[in-house]
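Read off the chains here:
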Amino acid sequence: MSIAAFPKRLHERLRCNEPLSPHTTLRVGGPAEYYVEATSLRDVADTVHAARELGLPLHVLGGGSNLLIADEGVKGVVLCLHGMKSINVFGSKVQVQAGANLSTLVNRCSAEGLAGPQTLAGIPGTVGGALAMNAGGRYGEIADYVERVIWINPEGELQSLYREEIKFAYRISELRHGVVIEAVLQGTVGDRKALIAHARDILQQKLAAQPYSEFSAGCAFKNPMGQSAGKIIDLAGCKGLRVGGAQVSDRHGNFIINTGEARAAEVIELMRQVTQRVFEAHGIELQPEVQVWPRRGLQAA
Ligand code: EPU
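Basis of the calculations
Residues numbered from 1 in each chain as written. Predicted model: local features only at pLDDT ≥ 70, side-chain atom pairs only at ≥ 80, totals over all residues. Heavy atoms only, no water. Pairing = 2+ DSSP bridges. Helix = DSSP H or I, 4+ residues; strand = E, 2+ residues; numbered from the N terminus. Axes fitted to C-alpha atoms, helices over the stretch in contact; angles between N-to-C directions. Contact = heavy atoms within 4.5 Å. Domains from an automatic or database assignment. Buried area = accessible area lost by both parts, 1.4 Å probe. Salt bridge = Lys/Arg side-chain N within 4 Å of Asp/Glu carboxyl O. Polar contact = N/O pair within 3.5 Å; in protein donor to acceptor, adjacent residues only side chain to side chain. Nonpolar A, V, L, I, M, F, W, Y, C, P; charged D, E, K, R; others polar. Near = heavy atom within 4 Å. Areas by Shrake-Rupley, 256 points an atom, 1.4 Å probe, with all protein chains shown as cover. Expected span 1.5 Å × (residues − 1). Buried < 20%, exposed > 50% of the residue type's maximum accessible area, 1.4 Å probe, protein only. Parallel < 35°, antiparallel > 145°, perpendicular 65-115°, else oblique. Arc of directions from axis to C-beta.

### Quick look at the sheet that holds strand β11 (residues 146–152)
An order of β6-β7-β15-β11-β12 is seen for the five strands of this open sheet, with the pairing classed as antiparallel. Lying at the two open borders of the sheet, with one neighbouring strand each, are β6 (87–90) and β12 (158–162). On average, each strand axis in the sheet is tilted by 15 degrees relative to the strand beside it, whichever way the strands run. In this sheet, β12 lies alongside β11 in antiparallel orientation, the contact comprising five bridges. Across the sheet, isoleucine 152 pairs through a bridge with leucine 158, a residue of β12. Packed onto the sheet, helix α1 (residues 41–54) meets β11, β12 and β15 (179–186) and runs at close to 140 degrees relative to β15.

Shown next, in the form of structure tokens:
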């Protein structure tokens, strides 16, 4: 199949064999068979429609900050919404498009006196990705602020959902089965200076505890109920453990870093070894938090 099979008006937004590793914070993985950079709702709708017509799988790329792409790359269409990133604050509400950076959103909210999303300071990625994964940390998660979300649902229909109609859980939501277009978040009105200081504090805590300047996909595993995966990985003696160019961070046990030339297969093998060691040491079976494309178990590749 070639680009010609796609509707003409998508051609200028469409690329074949687009390398994906530069679009991820871990910097591993092969190319996308087709890659579309959408700048409007129409681009998104046309892409969803074309993928369905052509029988191609559709993957939505956010900030690539929680993503492990296989070395062989991804079949089908990868849709990127970075061209859709408007943010409008109205008092205690903010309307934001999926491609906006979460950190830009937090900064805008603080600067315009909207309190709430500061708890998400320091979390990388886009708003669409954050909603799909229910991104969060010690102080809260994005679901805490959702009033409504407009998305293209798995049936391909444009739909507006209120918070209570959306299933959010720990680091996951049903929104990852469709394409988030935009959201309205609800906070409260606060003092700008205090909000800027609050967001800065949370960011500083993260910078102190996490290997921020290295290539990684954030936390590799979910926290088991009531425990910190980082701590139990650390206690199992995994810090510094290495497979090829992939290494368990010396700073935080739940971060796997690409020291330079890591391949996806090495990251996957390292995750398998960590899972095994933690199971042997603590009898706990870690579950990956990082999303793997194409989807598969964490067997050695
Ligand atoms: N700890 C260790 N050794 C380590 C890492 C942590 O002993 O190698 C200890 C820490 O000293 C602390 C406790 O474990 O006492 C918890 O660690 P931390 O505060 O770093 O929090 P976490 O539970 O490991 C969670 C989120 C992070 C988020 C932080 C801060 C998950 C899986 N992780 O980490 O989210 O940044 O809280 O809010 O939910 C992510 O989702 O990608 C992510 C990094």
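### A short note on the domain arrangement of the protein chain
As far as domains go, the protein chain holds domain 1 (3–80), domain 2 (87–195) and domain 3 (211–293). At the interface, seven residues of domain 2 touch five residues of domain 3. In terms of surface lost to domain 3, no three residues of domain 2 exceed Met133, Tyr170 and Arg171, which account for 72% of the buried area on that side. Across the domain 2-domain 3 interface, the total number found is zero salt bridges. In this structure, the connection of domain 2 to domain 3 is made through two residue pairs in polar contact (both at pLDDT 80 or more). Across the side of domain 2 that touches domain 3, the residue classes break down as four nonpolar, one polar and two charged.

### As for the side chain of serine 216
Relative to the helices and strands, serine 216 is located in strand β17 (residues 215–219). Those residues in contact with serine 216 that sit more than four places away from it in its chain are Thr25, Leu26, Phe255, Ile256 and Ile257.

### Describing the sheet that holds strand β19 (residues 246–248)
Taken in spatial order, the four strands line up as β17-β20-β19-β18 in an open sheet, and their pairing is antiparallel. The outermost strands of the open sheet, each flanked by one partner alone, are β17 and β18 (242–243). Examined bridge by bridge, β17 and strand β20 (residues 255–258) share three bridges and lie antiparallel to one another. When the sheet's bridge partners are listed, serine 216 is paired in β20 with isoleucine 257.

### Things to note about the site of the ligand
Near the ligand, the surroundings consist of 20 residues, among which Arg138, Gln210, Cys219, His252 and Gly253 are the closest. Between the ligand and the protein, one listed contact pairs an oxygen atom with a side-chain N or O atom of asparagine 223 at 2.8 Å. One of the side-chain N or O atoms of serine 228 is found 3.2 Å from an oxygen atom in the ligand. Protein chains shield 75% of the accessible area of the ligand, which is 820 Å² for the free molecule. Mapped by element, the contributors of at least two residues to the shell around the ligand are β17 and α5 (229–235).

### A look at the pattern of salt bridges
For the structure shown, the criterion picks out 13 salt bridges. Where arginine 148 meets glutamate 147, a salt bridge forms, and the shortest distance between an N and an O atom there is 3.3 Å. Each of Arg9, Arg13, Asp43 and Asp46 takes part in salt bridges that share partners, so that together they form one network.

### Observations concerning helix α6 (residues 264–282)
In a regular helix each residue adds 1.5 Å, so 19 residues correspond to 27 Å; α6 covers 27 Å between its end C-alpha atoms and thus fits that length. By the burial criterion, the buried members of α6 are Ala264, Ala265, Glu266, Val267, Ile268, Glu269, Leu270, Met271, Val274, Thr275 and Val278. Structurally, α6 contributes buried residues whose contacts are with β4 (67–69), α5, β18, β19 and β20. Note on α6: the residue one or two positions beyond its end, glycine 283, has a positive phi of about 70 degrees.

### Brief notes about the packing of helix α2 (residues 102–111) against helix α4 (residues 192–209)
Relative orientation of the contacting elements α2 and α4 amounts to 150 degrees, with a least axis distance of 7 Å. The angle between α2 and α4 places the two elements in the roughly antiparallel class. Contact residues: Val106, Cys109, Ser110 and Ala111 in α2; Arg192, Leu195, Ile196 and Ala199 in α4. Classifying every residue of the contact of α2 with α4 gives six nonpolar, one polar and one charged.

### Focus: α2
The set of residues buried in α2 consists of Leu102, Leu105, Val106, Cys109 and Ser110. Summarising the axial view, the buried residues of α2 lie within an arc of 130 degrees, below the 170-degree limit, and thus occupy one face. Buried residues in α2 make contact with β6, β7 (93–97), β8 (114–115), α3 (127–133), β15 and α4. Positive phi shows up at glycine 113, right after α2, with a value of about 75 degrees.

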